[in-house]
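Each chain, written out:
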Amino acid sequence: LIWPAFHYIMPEMPQWHGWEKSAYEASIATCQAFADRIAEIYREGDIIWVNDYHLMLLPKLIRERLPNAHIGFFLHIPFPSSEIFRCLHVRRELLEGMLGADVVGLQTFSYKRHFVHTAKRVLGVTGSPSGLILEDGRHVVVGQYAMGLDPIGVEEKWSNASVGELIEFLNEKYAGKYLLVGRDKLDHVKGVRQKLLGYEAFLSENPEFVSKTVLIQIALTTAEHNELQVQVMDVVNRINSKFGTIEHQPVVFFHKDIPYSHYLALLSSADAMVITSLRDGMNLTSHEYVLCQREKNSPLILSEFVGTYGSFNGGALCVNPMDTKAISRAIYDALTMNPEEKQYRWSLLHRQVLTNSATSFVSSFVGDIESAHAQARGSNTTSPALAQAAE
């Protein structure tokens, strides 16, 4: 129910199952079990951090059991506009569940705005400079927090000798060719088909690149969407049939994951990475790509509907994934970009990846939980991140 709607897949989609009472009841039972266990092991001063859409009902259940607890909730997927969210049968229950927290964290400013507007519209709560004021007078901070990864950890793995050997192998295998890469789940929101259609348009419009460009697409297996898999493979086969030869295969398609060392080598060898999600969260694949491109500084092509878009805008080549010609133009721009612009764009991206690390994300969010909890009980303590949210 939640995941499709939050990614703008609505009931008219044939695969959408609509309202499932048993699933909702199972979700309540799961959250109640979590809340009971948390109440058993809780100690005064503990910070309780609830993560993602599976547990949206949990903060309220914890608050009922532990009225004075420090509680934060962070949503790892997009939060849709109110026009989408209001279609859900359990819209009040989900919002009230989240608002049991002291802090509700979203990934981007747009998701934060959607949440605040939806809560005001559905629940009739009052807005404040830093969040929402509930009917009982309790203040809930609503903030945006850019998730990241551990740059040092990725760089340590990248420095492994096996990665270097694989990079040499790929450079030799694809010598004289432009290498485009992608790694996505094969579902309706990751835009793999749109990416392939854009690549097909690029090859049609730029015949000089046909024999010297390869797209390596890693498509992670999912439990559903067999129909989508057929549609994607139709495009893959069409491209390889139309533009391929006995010596050259324009699309190399892996319907499985690959070892992490192979993945890092592939990112390092790429001449561009293409991410065309129709709706997505922060997409940390793009962060990994930037860290692996310290030597080549190859461009990143990024959908404007990815959460990372806001922080990467200016460094990445941003596209509307529904615009096939825009994807084609972005691929051409990436492959013909001069070294100075590549280095400049990469430096902007690299700075954002280092700034928005996993460490800074955790520190900012936990600090705001502490500050919001103290503020709600009459303290004047305010963390820098909370002060920024209130501006």
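About the thresholds
Residues numbered from 1 in each chain as written. Predicted model: local features only at pLDDT ≥ 70, side-chain atom pairs only at ≥ 80, totals over all residues. Heavy atoms only, no water. Helix = DSSP H or I, 4+ residues; strand = E, 2+ residues; numbered from the N terminus. Rg over C-alpha atoms; globule rule 2.2 N^0.38 Å. Buried < 20%, exposed > 50% of the residue type's maximum accessible area, 1.4 Å probe, protein only. Contact = heavy atoms within 4.5 Å. Areas by Shrake-Rupley, 256 points an atom, 1.4 Å probe, with all protein chains shown as cover. Lys, Arg positive; Asp, Glu negative; His and termini not counted. Charge placed at Lys NZ, Arg CZ, Asp CG, Glu CD. Pairing = 2+ DSSP bridges. Axes fitted to C-alpha atoms, helices over the stretch in contact; angles between N-to-C directions. Core = buried A, V, L, I, M, F, W, Y, C linked by side-chain atoms within 4.5 Å. pLDDT = per-residue confidence, 0-100. Arc of directions from axis to C-beta. Expected span 1.5 Å × (residues − 1). Parallel < 35°, antiparallel > 145°, perpendicular 65-115°, else oblique. Left-handed = near helix turned anticlockwise from the far one by under 90°. Nonpolar A, V, L, I, M, F, W, Y, C, P; charged D, E, K, R; others polar.

Novice: For the overall build of the protein chain, give the residues involved together with the corresponding values.
Specialist: For the protein chain, the count of helices and strands is 17 helices and 12 strands. Computed over its C-alpha atoms, the radius of gyration of the protein chain comes to 23 Å, within 12% of the 21 Å expected for a compact globule of 391 residues. Counting only C-alpha atoms, the protein chain reaches 70 × 45 × 35 Å along its principal axes. When each of the 391 residues of the protein chain is scored for burial, the buried share is 54%. Contacts spanning at least 24 positions in sequence make up 74% of the contacts within the protein chain whose residues lie at least 6 apart. Total accessible area computed for the protein chain in this model is approximately 17700 Å², and 51% of it derives from carbon and sulfur atoms. Computed over 35 positive and 43 negative side-chain charges, the separation of the two mean positions in the protein chain equals 3 Å.

Novice: So what about the sheet that holds strand β10 (residues 272-275)? Which residues, and what values?
Specialist: Spatial ordering of the open sheet is given by β9-β8-β7-β10-β11-β12, a layout of six strands whose pairing is parallel. The outermost strands of the open sheet, each flanked by one partner alone, are β9 (251-254) and β12 (317-319). This sheet shows a mean twist of 20° between the axes of neighbouring strands, independent of strand direction. In this sheet, β10 lies alongside strand β7 (residues 178-185) in parallel orientation, the contact comprising two bridges. Paired with L180 across the strands is A272, a residue of β10. Against the sheet, helix α9 (residues 192-205) makes contact with β7, β8 (213-220), β9 and β10, and its axis sits at roughly 175° relative to β8, the strand it touches most. Packing against the sheet, helix α11 (residues 260-269) makes contact with β7, β8 and β10, and its axis sits at approximately 135° to β7.

Novice: Give me the lowdown on the nonpolar core, citing residues and values where you can.
Specialist: Counting residues in hydrophobic clusters, the biggest one holds 47 residues, and the most contacted among them are F6, I48, I62, F79, L99 and F115. At six residues, helix α6 (residues 109-123) tops the list of elements feeding residues into this core.

Novice: An account of the confidence of the model for the protein chain is needed here, citing residue identities and associated values.
Specialist: On average, residues of the protein chain carry a pLDDT of 91, and 92% of them reach 70 or more. Scored below 50 in pLDDT, residues 379-391 makes 20 contacts in the model with residues more than four places away or belonging to other chains.

Novice: An account of the environment of F243 is requested, with residue identities and associated values reported.
Specialist: Examined against the element boundaries, F243 turns out to sit in helix α10 (residues 226-243). Each C-alpha atom of the pair F243 and F169 lies 25 Å from the other, and the pair is 74 residues apart in sequence. Aside from chain neighbours lying at most four places away, what touches F243 is E200, L203, S204, V210, H248 and P250.

Novice: Any details on helix α7 (residues 151-158)? Residues and values, ideally.
Specialist: Since the α-helix packs 3.6 residues into each turn, any two residues three or four apart lie on the same face. Listed in full, the buried residues belonging to α7 are P151, G153, V154 and W158. One side of α7 carries all its buried residues, which in axial view fall inside an arc of 165°. Of the exposed residues in α7, the ones pointing more than 90 degrees away from its buried face are I152 and E156. Along its buried surface, α7 packs onto α8 (161-173), α11, α12 (285-292) and α15 (339-355).

Novice: I'd like a rundown of α6, residues and numbers included.
Specialist: The end-to-end C-alpha distance of α6, which contains 15 residues, comes to 21 Å, matching closely the 21 Å that a straight helix rising 1.5 Å per residue would cover. Turning to α6, its buried residues are Y111, K112, H114, F115, V116, T118, A119, V122 and L123. Once α6 ends, the next one or two residues include G124, with phi positive near 75°.

Novice: Before we move on, can you summarise unusual backbone geometry with the specific residues and values?
Specialist: At D52, a position not held by glycine, the phi torsion is positive, near 80°. Along the chain, D52 turns up in the loop between β1 (47-51) and α3 (58-65).

Novice: Describe in detail the sheet that holds strand β2 (residues 70-74), supporting the description with residues and values.
Specialist: Whether parallel or antiparallel, the strands of a sheet pair through hydrogen bonds between backbone atoms. Reading across from one edge, β1-β2-β3-β6-β5-β4 is the order of the six strands in this open sheet, with mixed pairing throughout. Whereas interior strands pair on both sides, the edge strands pair on one side only; in this sheet they are β1 and β4 (126-128). Direction aside, the axes of adjacent strands within the sheet are offset by 25° on average. The sheet contact formed by strand β3 (residues 103-106) and strand β6 (residues 139-144) spans four bridges and is parallel. Residue pairing for β6: G105 is matched across the bridge by G143. Those strands touched by helix α16 (residues 358-376) are β1, β2, β3 and β6, and its axis lies near 135° from that of β2.

Novice: Any details on the packing of helix α2 (residues 21-41) against α3? Residues and values, ideally.
Specialist: Viewed as axis vectors pointing N to C, α2 and α3 meet at an angle of 40°, and their least axial separation amounts to 9 Å. As summarised for this structure, α2 and α3 are arranged oblique, according to the angle between their axes. For α2 against α3, the interelement crossing comes out right-handed. From α2, C31, Q32, F34, A35, D36, I38 and A39 reach across to α3, where they touch L58, L61, I62 and R65. When its residues are assigned to classes, the contact of α2 with α3 shows eight nonpolar, one polar and two charged.

Novice: Can you break down the environment of T285 residue by residue, with the values?
Specialist: In this structure, T285 sits in helix α12. Taking relative accessible area as the criterion, T285 reaches 13% and is therefore assigned buried. Among residues more than four places away in sequence, those in contact with T285 are R183, Y263 and M273.

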